Structure formats: structure tokens, C-alpha cells
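An overview of the molecular structure
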Amino acid sequence: MKRMHLLLAATASAVLLSCGGKEEKKTEKFEYQEAEETTTEAPATSTDANVADIVLVGDDLMKFNLKEIKVKAGQKVKLTLRHAGKLDVKVMGHNFVLLAQGTDLPAFALEAASASTTDYIPANSSAVLAHTKMVGGGGTDVIEFDAPAAGTYDFICSFPGHFAMMQGKFIVE
């Protein structure tokens, strides 16, 4: 009986010691860099009061940092689109597309999805007022345009499937 207890104790000790000696298998983790969300008016940082300097940031989680951008009618808009993520443009590309009032978003997005050769901007579309090029992780594009007439306009990312989460209001006062 004493021998059985010693044998059990030795076996238990061997098992416990062998568990600690194994190497852990290391795996790489992908970390998403999320854009900080802002739901207020985009700050105008230009020294020229006639220019609205807007920085719009998209990320790998299909979010824009701004849900609302306010400018004045006829004001020059300098919009910088920055992709804060890491994924390639073919996987998680983003753009900024300012659409005419009354544009049917799902219908436009469906049409845009088939325009891969033109950065998902349908050719000859009267709905597009301004747009950036498609950018991937770490990419940036800058455009300048004059704000349209007073009113509320939609802006979206036209990469297939993104418009549902990546959209906001472009308010012209």
C-alpha cells in the first residue's frame, strides 16, 4: 500500500513537472486601428476662412470618424481622406463620395459595386458631386471642391458593401 502511494505521488509529480516545460505556440495577431468617432461638425483648420479643411478618417472596421460635416454654401472645401487601417485597398478600400440630394443610396451602391475599374464610381453618374480615389490601409487622398447649394447631402464609401456603415450627412448652411 505504501508503495502504491509513492508510485502515485511520483506519477503526479512527473505530470505536473512535464506540463510546465512545454513551449507555447505563438500566433500572430492582427490588431485593428479604429478611427475615433466624432458626430459633431468637422473643424475648419485652414487659415483661410473661406476654405473648410476637413479630415475624414476611415478604418478597417468600416467606420468613418465623422458622421456629419458642416460647411457654408459656396465655400471651398479641402477634404483629406485618410485610411487609418492596415488592410489592402482590394480588401478594405475606402473613398469619399458626395452625392446629390435625393440619391437612392442602395441603388447607387449597387451600381457602384460593378464599377471596380473606376474606383467604384459609376461612369457618367449625375449623382456624384465630388469624390476621392479609393485608398487602402495607410493611404491618403486630398480633393478640393466648392460646396453645393444649402441643404443636406449624403456622403458614403462606395466600396462594395461599405455604404451601409460608412455614410454621413454633408450639411451646407
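Just so we're clear, the structure is a prediction, and the values are computed from it rather than from any experiment.

Turning our attention to the sheet that holds strand 4 (residues 97-99). By definition, the strands of a sheet pair up through backbone hydrogen bonds, in either a parallel or an antiparallel sense. Across the sheet, five strands lie side by side as 2-8-7-4-5; this open sheet has mixed pairing. Two strands bound the open sheet, and with one partner strand each, they are strand 2 (68-71) and strand 5 (128-131). Adjacent strand axes in the sheet meet at a mean angle of 25 degrees when their direction is disregarded. By the bridge criterion, three bridges tie strand 4 to strand 5 in an arrangement that is antiparallel. If you follow Val97 over to strand 5, its bridge partner there is His131.

Counting 28 residues, the largest nonpolar core has Leu79, Phe96, Phe145 and Phe170 as the members making the most contacts within it. Contributions of two or more residues to this core are made by strand 1 (51-58), strand 2, strand 3 (76-83), strand 6 (140-146), strand 7 (151-156) and strand 8 (167-172). Those residues in contact with Leu79, other than ones at most four positions away along the chain, are Ile54, Ile69, Phe96, Thr132, Asp141, Val142, Ile143 and Phe145. In this structure, Leu99, Leu105, Ile121 and Val128 belong to the second largest nonpolar core, which totals nine residues.

This part takes up the side chain of Ser125. With respect to the helices and strands, the residue Ser125 is situated in the loop between helix 3 (105-113) and strand 5. Within the structure, the side chain of Ser125 is placed 3.3 Å from the backbone nitrogen of Ala127, a separation counted as a polar contact.

Moving on, we come to the sheet that holds strand 6. The three strands are arranged 1-3-6 in an open sheet whose pairing can be described as mixed. Edge positions in the sheet fall to strand 1 and strand 6, since each has one partner strand and no second. Each neighbouring strand pair of the sheet contributes to a mean axis angle of 20 degrees, computed without reference to strand direction. In this structure, strand 1 lies alongside strand 3, joined through eight bridges in parallel fashion. Within strand 3, the position partnered with Val51 by the bridge is Lys76.

Cut-offs applied
Residues numbered from 1 in each chain as written. Predicted model: local features only at pLDDT ≥ 70, side-chain atom pairs only at ≥ 80, totals over all residues. Heavy atoms only, no water. Pairing = 2+ DSSP bridges. Helix = DSSP H or I, 4+ residues; strand = E, 2+ residues; numbered from the N terminus. Axes fitted to C-alpha atoms, helices over the stretch in contact; angles between N-to-C directions. Core = buried A, V, L, I, M, F, W, Y, C linked by side-chain atoms within 4.5 Å. Buried < 20%, exposed > 50% of the residue type's maximum accessible area, 1.4 Å probe, protein only. Contact = heavy atoms within 4.5 Å. Polar contact = N/O pair within 3.5 Å; in protein donor to acceptor, adjacent residues only side chain to side chain.

Nothing here speaks to function; it is geometry throughout.
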